[in-house]
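Chains, contacts and geometry: an overview
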Amino acid sequence: ALKAALLPLYLWLPAAYAHTSAPVAALFAIMTKVGAYSILRVYSLIAGESAGPLAGLLDAWLVPAALATLAFGMAGALASTSLRQQAAYLVVASIGTLLVAFGLGSPEALAAGLYYLPHSTFAAAALFLLADSIARARGEFEDRFESGPAMPRARLLGGLFFVAALAIAGLPPLSGFLAKFILLRAALDAPLMPWVWGVVLATGLLGVIALARSGSLLFYRTHTPHVELAAPGNAALAPVAGLLALVAGLMLAAGPLSDFAAATAAQLTAPQHYIDAVLGGAR
């Protein structure tokens, strides 16, 4: 939970991710997901239905903690003063969404989480790398949310930001929207259904508002620069475009990838085959 930045253990993440270099922050976006997947992988083996006293160990508190993480992460994104800081809080929010899916525990919810995991990783990594290019293109204003000079190659940077914002906010037609749709459908039979629906939908709206505000401040409230600003090169923007292409690929291949996620979820909820394969049937 500490590695995954689950509330209240997330306080280290925003400052760490916002102040490191862009490539390191992009890689760190993967590392937090490793913590979330570890919770799912280990929990399904040691606290499953046949675990005796350990059965259902996390059921009572994982979903409430995940919903609180999602809410606080999105509140931080809304209150952020720079794009890199906002991207860090959006990572926290994505962890909350992911652990809501894992905490619900049904095969459909787990499949939604497994499909959402690579999507949120690619989108967050792209936003960190893009924030670095935007900061370089704005000179002394960097990526702070304040009126600054018009950036060179602003249309290209703005287009990439728009796609990244759609992805990380979970808007259609990208894969984040599909993952959240599957998650909300899986929550229909859950005891905490009103809370899951309310928090996921409300934070989705807050995410749209936060990113729309960011885009407006960075790309529209601008003035003519007094000095010549450095234009971001294609080599710096190619990884951003590549990560966003992977997000688009998750959407285009949604059918087979969601089927694969569902098959993986079914295996996780029935770990006896895995146990027999590892232990050779020994008890």
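This report concerns the structure included in the present document.

Calculation criteria
Residues numbered from 1 in each chain as written. Predicted model: local features only at pLDDT ≥ 70, side-chain atom pairs only at ≥ 80, totals over all residues. Heavy atoms only, no water. Patch = residues over 30% accessible without salt bridge, like charges linked within 9 Å, V, L, I, M, F, W, Y side chains within 5 Å. Areas by Shrake-Rupley, 256 points an atom, 1.4 Å probe, with all protein chains shown as cover. Salt bridge = Lys/Arg side-chain N within 4 Å of Asp/Glu carboxyl O. Helix = DSSP H or I, 4+ residues; strand = E, 2+ residues; numbered from the N terminus. Buried < 20%, exposed > 50% of the residue type's maximum accessible area, 1.4 Å probe, protein only. Phe/Tyr/Trp six-rings, centres within 6.5 Å; stacked < 30°, edge-to-face > 60°. Lys NZ or Arg CZ within 6 Å of the ring centre and 35° of its normal. Axes fitted to C-alpha atoms, helices over the stretch in contact; angles between N-to-C directions. Parallel < 35°, antiparallel > 145°, perpendicular 65-115°, else oblique. Contact = heavy atoms within 4.5 Å. Nonpolar A, V, L, I, M, F, W, Y, C, P; charged D, E, K, R; others polar. Left-handed = near helix turned anticlockwise from the far one by under 90°. Expected span 1.5 Å × (residues − 1). Arc of directions from axis to C-beta.

1. Points about a nonpolar patch on the surface
- A surface patch of nonpolar side chains, amounting to about 460 Å² of accessible area, comprises V24, L27, F28, I30, M31 and V34.
- The topology assignment puts I30 in helix α2 (residues 22-46).
- When its relative accessible area of 37% is taken as the criterion, I30 is described as partly exposed.

2. With respect to the packing of aromatic side chains
- Evaluation of the coordinates by the stated rule reveals 4 aromatic pairs.
- Seen in terms of ring centroids, F161 and F219 are 5.7 Å apart; in terms of plane orientation they differ by 45°. Their pairing is tilted. Of this pair, F161 sits in helix α6 (residues 154-169) while F219 sits in helix α8 (residues 193-219), and the two are 58 residues apart along the sequence. Like F219, F161 is buried.
- Clustering of aromatic rings is evident, with ring pairs tying together W12, Y17, F28 and F128.
- One Lys or Arg, R41, reaches over the ring of Y274 and ends 4.5 Å from the middle of that ring.

3. Describing the environment of P172
- Its place among the elements puts P172 in the loop between α6 and α7 (175-186).
- Along the sequence, P172 and S133 sit 39 residues apart, while their C-alpha atoms lie 26 Å from each other.

4. Let's talk about the packing of α6 against α8
- Packing of α6 against α8 brings their axes to within 10 Å, and their N-to-C directions diverge by 170°. As the angle between them shows, α6 and α8 are arranged roughly antiparallel. For the pair formed by α6 and α8, the contact residues are A154, L157, G158, F161, A165, I168 and A169 on the first element and V208, L211, S214, G215 and F219 on the second.
- Residues of the contact of α6 with α8, tallied by class, amount to 9 nonpolar, 3 polar and no charged.

5. A word on the packing of helix α5 (residues 107-137) against helix α10 (residues 254-269)
- Relative to each other, α5 and α10 sit at 125°, their axes nearing to 8 Å. Comparing the axis directions of α5 and α10 gives the class oblique. Every pair of crossing elements has a handedness; the one defined by α5 and α10 is right-handed. On the side of α5, the interface is formed by P107, L110, A111, L114 and Y115, while α10 contributes A254, L257, S258, A261, A262, T264, A265, L268 and T269.
- Of the residues contributing to the contact of α5 with α10, the split by class is 11 nonpolar, 3 polar and no charged.

6. Examining helix α9 (residues 234-252)
- Taking 1.5 Å of rise per residue, the 19 residues of α9 would be expected to cover 27 Å, and the 25 Å separating its terminal C-alpha atoms lies within 8% of that figure.
- When α9 is considered as a whole, its buried residues turn out to be L237, V240, L243, L244, V247 and L250. Angular distribution of buried residues about the axis of α9 spans 130°; they occupy a single face of the element. Away from the buried face of α9 by more than 90 degrees, exposed residues N234, A235 and L252 are located.
- Along its buried surface, α9 packs onto α5, α6, α7 and α10.

Functional significance is not addressed by these values, which are geometric in nature.
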